[in-house]
Amino acid sequence: MAGFITTRAISSTPAVMAMIPGIYKHHRCRNNVYPRCDVRRYPVPDESVFWSQPYPDYQPPLYEAAVLKDKEWADLDVDDPAFVGKWNQLDGVVNRVSFVGEYEVRDGFPMNMFGRTGLRGRGLLGRWGPNHAADPVVTKWKVDQDGKPVVSETSGRRLLQMCAIERHDCGEWAIPGGMVDPGEKVSATLKREFMEEALSSSSDTEEIERFFSGGKEIYKGYVDDPRNTDNAWMETVAVNFHDEDGSIVGRFNLHAGDDAAKVKWMDVDSGVKLYASHANIVRRVVDALDAHW
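Conventions we followed
Residues numbered from 1 in each chain as written. Predicted model: local features only at pLDDT ≥ 70, side-chain atom pairs only at ≥ 80, totals over all residues. Heavy atoms only, no water. Helix = DSSP H or I, 4+ residues; strand = E, 2+ residues; numbered from the N terminus. Contact = heavy atoms within 4.5 Å. Polar contact = N/O pair within 3.5 Å; in protein donor to acceptor, adjacent residues only side chain to side chain. Phe/Tyr/Trp six-rings, centres within 6.5 Å; stacked < 30°, edge-to-face > 60°. Buried < 20%, exposed > 50% of the residue type's maximum accessible area, 1.4 Å probe, protein only. Lys NZ or Arg CZ within 6 Å of the ring centre and 35° of its normal. Expected span 1.5 Å × (residues − 1). Core = buried A, V, L, I, M, F, W, Y, C linked by side-chain atoms within 4.5 Å. Salt bridge = Lys/Arg side-chain N within 4 Å of Asp/Glu carboxyl O.

In the nomenclature of an unreviewed UniProt entry, the chain is known as Nudix hydrolase domain-containing protein of Aedes albopictus.

Here it is as structure tokens:
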């Protein structure tokens, strides 16, 4: 499954590298123009993705988005005397531990464990190394106008719907997730992001609190995100919150927040096209619920 790596049984960089060849290669963050700018990534052929493979001609450009400058949520430059990164550990309230394992640091720069991306620096990402996000996959069963379950004629399984937002930055549909604030618990991020991006302020807060107190973790690891670079990358914790009878979030009016252009209940099947590796995450939910794909 390109762009999606399970963390199961992965505990160190050698273990990661042993699993990758022939299975995983960057897709969304390689051989293209970097998002929201005109910087083109240095070409990286399939056989040269992994750091273990020699690539003597590799000369990726350095790109740091202007939006990072003087932002509280962004690191300083690695060569700034005021910046002392504590790699592979908790750095104050900033979590620099990768879900996948220990990453290498070369000349003071953390290195993307999944290989070359064709770009140095942080790009649009605030942190050097892992940038942690949380993705709430909120689902319900599709029903017809009489409230009866809709079943696929081809698979015989029930059709699932997920709450999806259309991103402002790229126009792609996505899980309504976001970045984990320093010191914030992932459970709090999951609830906060969903409420900010998909629900109106008039929704029953107490009922939402109860709904988000449960959930099933379905993925924890690296994401093949178009913003990734050689020195900064996205990782996420994805949790499924399923409204079995549609009586909780299924009855609330969806409302697009500031970070979303649109929001809707999207039918889920094998043709769904989502941002980054989100379709692969949703597929895990489908399998867990034995829904149609």
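Peer 1: Looking at this structure, how should I read the environment of Asn131?
Peer 2: One can find Asn131 in strand β7 (residues 129-141). Remark: the alpha-carbon pair of Asn131 and Met234, spanning 103 residues in sequence, is separated by 4.9 Å. Discounting residues that sit within four places of it in the chain, Asn131 has contacts with Leu125, Gly126, Met179, Ala232, Trp233, Met234 and Glu235. Only 3.4 Å separates the side chain of Asn131 from the backbone nitrogen of Gly126, close enough to count as a polar contact.

Peer 1: I tried to follow the packing of aromatic side chains on my own but got confused; where do I start?
Peer 2: Each aromatic ring pair is described using two quantities: the centre-to-centre distance and the angle formed by the ring planes. For the coordinates displayed, the defined rule picks out 13 aromatic pairs. Geometrically, the ring pair formed by Tyr42 and Tyr55 is tilted, given 6.2 Å between the ring centres and 55 degrees between the ring planes. Here Tyr55 lies in the loop between α1 (13-19) and β1 (62-64) and Tyr42 lies in the loop between α1 and β1, a separation of 13 residues in the sequence. Both rings, one in Phe211 and one in Phe241, keep their centres 6.1 Å apart while their planes meet at 45 degrees; by these two values the pair is tilted. Of the two residues, Phe211 sits in helix α3 (residues 205-211) while Phe241 sits in strand β12 (residues 232-243), which places them 30 residues apart along the sequence. Note on accessibility: Phe211 and Phe241 belong to one class, buried. A network of ring pairs unites the aromatic residues Tyr42, Trp51, Tyr55 and Tyr58 as a single cluster. Its guanidinium or amino end placed over the ring of Trp173, Lys264 lies 4.5 Å from that ring's centre, counting from NZ or CZ.

Peer 1: Help me understand helix α4 (residues 278-289), please; the structure alone is not making it clear to me.
Peer 2: Note: α-helices contain 3.6 residues per turn, so residues at a spacing of three or four share the same orientation. For α4, with 12 residues, the first-to-last C-alpha span of 17 Å sits near the 16 Å given by 1.5 Å per residue. Along α4, the residues that are buried comprise His278, Ala279, Asn280, Ile281, Val282, Val285 and Val286. Taken from the residues just after α4, Asp290 is the one with a positive phi, measuring 55 degrees.

Peer 1: Even after reading the chapter, I still don't get the nonpolar core, so can you show me in this structure?
Peer 2: One broad rule of soluble globular proteins: the nonpolar side chains tend to lie buried together. Grouped together as the largest cluster of nonpolar side chains are 31 residues, with contacts concentrated most on Met162, Leu274 and Val282. Going through the elements one at a time, β7, β8 (160-167), β11 (216-223), β12, β13 (260-268) and α4 are the ones with two or more residues in this core. Setting aside residues up to four positions removed in sequence, Leu274 forms contacts with Arg28, Met162, Glu172, Trp173, Ala174, Met266, Ala279 and Val282. Counting 20 residues, the second largest nonpolar core, distinct from the first, contains Val180, Leu190, Phe211 and Phe241.

Peer 1: Even after reading the chapter, I still don't get the pattern of salt bridges, so can you show me in this structure?
Peer 2: Where charged atoms from two side chains of opposite charge come close, those side chains can pair. Counted according to the given criterion, the structure contains 20 salt bridges. With its nearest N and O atoms 2.7 Å apart, the salt bridge here joins Glu64 to Arg122. With Glu64 in strand β1 and Arg122 in strand β6 (residues 120-123), this residue pair connects regions lying 58 residues apart in the sequence. Its relative accessible area of 27% is what places Glu64 among the partly exposed residues. Given a relative accessible area of 2%, Arg122 falls into the buried group. In this structure, the salt-bridge partner of Glu206 is Arg210, at a minimum N-O distance of 3.4 Å.

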